[in-house]
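# Tertiary structure, described
Listed below are the residues making up each chain.
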Amino acid sequence: MNNKIKFKNDFSNTSIIIKKNFTSKYLKLLSNQNRKVFYVIDINVKKLLNIQLNENTNLIYLKCGENIKNINFYQKICEKLLIKNIDRNCILVCIGGGTLGDLCGFVASTILRGIDYKLIPTTLLSQVDSSIGGKNGVNSKYGKNLIGTFYNPSEVIIDVNFLKTLPKREIKSGYVEIIKHALIRDIKFFKWLENNYIKIFNLNTPILEKAIFRSLKIKLWYVQKDSRENLINKNSRAMLNFGHSIGHSLETFYNYKKINHGEAVSIGIVTEAKISNKLGYLSKNDLIKILEHFKKAELKILDKNIYNKKLISIIQKDKKNLHGKLNLVLLKNIGRSFFARNIDIRLVNKIIQNI
Ligand SMILES: NC(=O)c1ccc[n+]([C@@H]2O[C@H](COP(=O)([O-])OP(=O)(O)OC[C@H]3O[C@@H](n4cnc5c(N)ncnc54)[C@H](O)[C@@H]3O)[C@@H](O)[C@H]2O)c1
Ligand SMILES: [Zn+2]
C-alpha cells in the first residue's frame with residue numbers, strides 16, 4: 001500500500017507517513033537532529049514509547065481529554081516551554097489523541113509566532129481526522145473550538161500500533177469520522193466499510209491502514225480546495241462538518257462530559273441524515289442503509305436530550321449560521337453532500353421533536 005501522502009499548505013508542506021511500528025525509529029531520527037525537541041505526551045501512551053533522553057530532550061506529560069482544551073492548559077504548556085528557553089529552531093512534538101493535538105497545534109502556531117511542529121496521533125479519531133487540515137484550538141464556555149488558528153505540522157506519523165491499547169469505545173469514536181468521510185463523498189468507500197467494519201474494530205492492520213488512508217484522502221480533497229472554509233458550496237470544507245452541527249451542540253450541552261466526540265457526532269450524523277430525508281433530499285432507501293449500518297456497528301444513534309429545548313438554542317449558535325437561519329450540511333445520497341442554507345429553525349426543531 002502507498003503509505004505516504006505529501007501536500008502543500010498555505011505556507012508550508014506536510015508529509016504523512018502511515019507505517020506500523022515506525023514511531024521508535026522516527027523518534028530516534030528526531031533525537032539525532034541536534035535541535036532541542038519538546039515532547040508533549042498523553043500519559044496514556046507513555047508506556048508505548050521509547051524516547052532516548054539527551055541534553056536536547058524535554059518531556060511534558062498530560063492526562064488528556066476534552067478538559068485540557070482550554071486557555072489555562074494552553075498557558076501552562078507555553079510557560080513550560082518558555083522557562084526552558086524554547087527558541088525558533090526548536091521542534092514541538094505532540095504524541096496523543098485529538099484533544100492534545102488541538103491544544104499543541106495552537107501552542108506550536110503561537111509560541112514565538114510559530115515553531116516547527118510534528119504530530120504523532122495515537123487515537124483512531126486523530127489518525128483519520130484531526131491530524132490533518134491544520135485546525136487547532138481550545139474550547140470556551142461559549143462553545144467548542146472557538147479560539148484557535150490554522151497551522152500545519154511538517155510531519156504526521158500514523159502508527160496503528162498505538163491503537164492496541166485504545167479502548168473499544170474510542171475505536172468506535174474514530175470509526176464515526178471514517179464513516180462520515182464515506183457518507184459525504186464516496187459511496188464505494190461506504191460499501192467497502194459495510195463489508196470491513198468488523199476487521200477495523202479488530203485492528204486488522206492492512207484493512208485499518210486502508211481505511212485511514214482513504215479517510216485522509218477524502219478530508220484532504222476538501223482541505224486543499226478550501227483550506228480556510230470560505231466556500232459555501234458542495235466543495236466547501238464545511239462538508240467535513242456533516243453530523244457536527246448537532247454533534248457539537250450535544251457536546252456543549254453535556255459540557256464535554258458523558259459522551260465523547262465520536263459518539264456525539266454519531267448521533268449528529270444519524271439526526272442530520274434524518275433531517276436530509278424529511279426535507280426531501282435523501283431517499284428513504286439510503287436513510288435505511290445508513291441506519292442499518294450504524295445499528296450493526298453498534299454506534300450511538302439517539303440521545304434522550306436531543307429533544308431538550310436547550311439543545312436547539314445551542315444549535316442556533318453554530319458558526320455556520322447567519323441571520324437566525326440554519327446552515328446545515330445535508331446528504332442528497334450516500335456519498336453526496338451539500339450545503340443547505342437558510343433553513344427555518346422551527347422546521348428543523350419540528351423534525352428533531354419527531355425523531
Ligand atoms: N482539529 C481538527 O480538525 C479536529 C477534527 C476532529 C476532531 N477534533 C477534536 O479531537 C478531539 C477528540 O480527539 P480524540 O477522540 O482523540 O480524544 P482524546 O484526545 O480525548 O483521546 C481519548 C482518550 O484516549 C486516550 N488515549 C489516547 N491514545 C491512546 C492510546 N493509544 N491508548 C490508550 N488510550 C489512549 C486519551 O488519553 C483519552 O483519554 C475533540 O476535541 C475534537 O474536537 C479536531
Ligand atoms: Zn469530528
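Rules used throughout
Residues numbered from 1 in each chain as written. Chains lettered and ligands numbered in written order. Predicted model: local features only at pLDDT ≥ 70, side-chain atom pairs only at ≥ 80, totals over all residues. Heavy atoms only, no water. Near = heavy atom within 4 Å. Polar contact = N/O pair within 3.5 Å; in protein donor to acceptor, adjacent residues only side chain to side chain. Areas by Shrake-Rupley, 256 points an atom, 1.4 Å probe, with all protein chains shown as cover. Helix = DSSP H or I, 4+ residues; strand = E, 2+ residues; numbered from the N terminus. Donors = N, O, S within 2.8 Å, 3.2 Å for Na, K, Ca; no water. Buried < 20%, exposed > 50% of the residue type's maximum accessible area, 1.4 Å probe, protein only. Core = buried A, V, L, I, M, F, W, Y, C linked by side-chain atoms within 4.5 Å. Domains from an automatic or database assignment. Contact = heavy atoms within 4.5 Å. Axes fitted to C-alpha atoms, helices over the stretch in contact; angles between N-to-C directions. Parallel < 35°, antiparallel > 145°, perpendicular 65-115°, else oblique. Left-handed = near helix turned anticlockwise from the far one by under 90°. Nonpolar A, V, L, I, M, F, W, Y, C, P; charged D, E, K, R; others polar. Pairing = 2+ DSSP bridges. Buried area = accessible area lost by both parts, 1.4 Å probe. Salt bridge = Lys/Arg side-chain N within 4 Å of Asp/Glu carboxyl O. Arc of directions from axis to C-beta.

Neighbouring residues of ligand 1: 25 residues in total, closest Asp-42, Gly-98, Thr-99, Thr-123 and Thr-165. Here an oxygen atom of ligand 1 and a side-chain polar atom of Glu-66 are 2.8 Å apart. The contact in question runs from a nitrogen atom of ligand 1 to an N or O atom on the side chain of Thr-165, over 2.7 Å. Here ligand 1 loses 90% of its free accessible area of 870 Å² to cover by the protein chains. Among the elements of the structure, α3 (98-110), α4 (124-130) and β8 (143-147) are those that each provide at least two residues to the shell around ligand 1.

For the zinc ion (ligand 2), the full set of protein donor atoms is Glu-177 (OE), His-244 (NE2) and His-261 (NE2), and the range of their distances to it is 1.9 to 2.1 Å. Considered as a linear motif, the donors of the zinc ion (ligand 2) on their single chain read E-x66-H-x16-H. Of the two residues, His-244 is situated in helix α8 (residues 244-253) and His-261 in helix α9 (residues 261-278); the sequence distance between them amounts to 17 residues. Just as His-244 is buried, His-261 falls in that class too.

Now for the nonpolar core. Counting residues in hydrophobic clusters, the biggest one holds 56 residues, and the most contacted among them are Ile-16, Leu-124, Tyr-175, Leu-183, Leu-193 and Ile-212. Split by domain, the residues of this core number at least three in each of domain 1 (4-165) and domain 2 (168-353). Excluding its chain neighbours within four sequence positions, the residues that come into contact with Tyr-175 are Leu-124, Leu-193, Tyr-197, Ile-200, Phe-201, His-293 and Leu-299. Counting residues in hydrophobic clusters, the runner-up holds 26 residues, among them Ile-77, Leu-100, Ile-115 and Tyr-117.

Angle between the axes and distance between the axes: these two values describe a pair of packed helices. Contact geometry for helix α5 (residues 168-185) and helix α7 (residues 205-225): axes closest at 9 Å, N-to-C directions at 55 degrees. In terms of axis orientation, α5 runs oblique to α7. In the crossing of α5 with α7, the sense of the turn from one axis to the other is left-handed. Contact with α5, carried on its side by Glu-177, Ile-178, His-181, Ala-182, Ile-184 and Arg-185, involves Ala-211, Ser-215, Ile-218, Lys-219, Trp-221 and Tyr-222 of α7 and no other residues of that element. Looking at the contact of α5 with α7 residue by residue, the class counts come to 7 nonpolar, 2 polar and 3 charged.

Time to look at the pairing of strand β10 (residues 326-333). Taken across its 8 residues, β10 has 6 buried, putting it largely inside the fold. Looking at chain direction, β10 and strand β11 (residues 336-343) are connected through 6 bridges and run antiparallel. Paired with Leu-330 across the strands is Phe-338, a residue of β11. Between the antiparallel neighbours β10 and β11 lie 2 residues, among them Gly-335 with a positive phi of about 95 degrees.

The next point concerns the domain arrangement of the protein. Parsing the protein into structural domains produces domain 1 (4-165) and domain 2 (168-353). Relative placement of domain 1 and domain 2: their C-alpha centres are 26 Å apart. Taking both partners together, domain 1 and domain 2 bury about 2800 Å²; carbon and sulfur atoms supply 66% of that area. When the buried area of domain 1 at its contact with domain 2 is split by residue, Leu-124, Val-128 and Lys-144 rank highest and sum to 22% of it. At the boundary of domain 1 and domain 2, one finds 4 salt bridges. As a salt-bridge pair, Asp-129 and Lys-180 come within 3.3 Å of each other at their nearest N and O atoms. Contributing elements (two or more residues each) for the side of domain 1 that touches domain 2: β1 (4-8), β2 (13-18), α4, β7 (138-140) and β8. Here the side of domain 1 that touches domain 2 gets 6 residues from one element, more than from any other, and that element is α4. For the side of domain 1 that touches domain 2, a count of residues per class yields 14 nonpolar, 8 polar and 10 charged.

Within the span of helix α12 (residues 345-353), buried status applies to Ile-345, Val-348, Ile-351 and Ile-352. The arc that holds the buried residues of α12, viewed along the axis, is 125 degrees, so those residues lie on one side. Facing away from the buried side of α12 by more than 90 degrees, the exposed set consists of Arg-346 and Lys-350. Buried residues in α12 make contact with α8, α9, α11 (309-316), β10 and β11.

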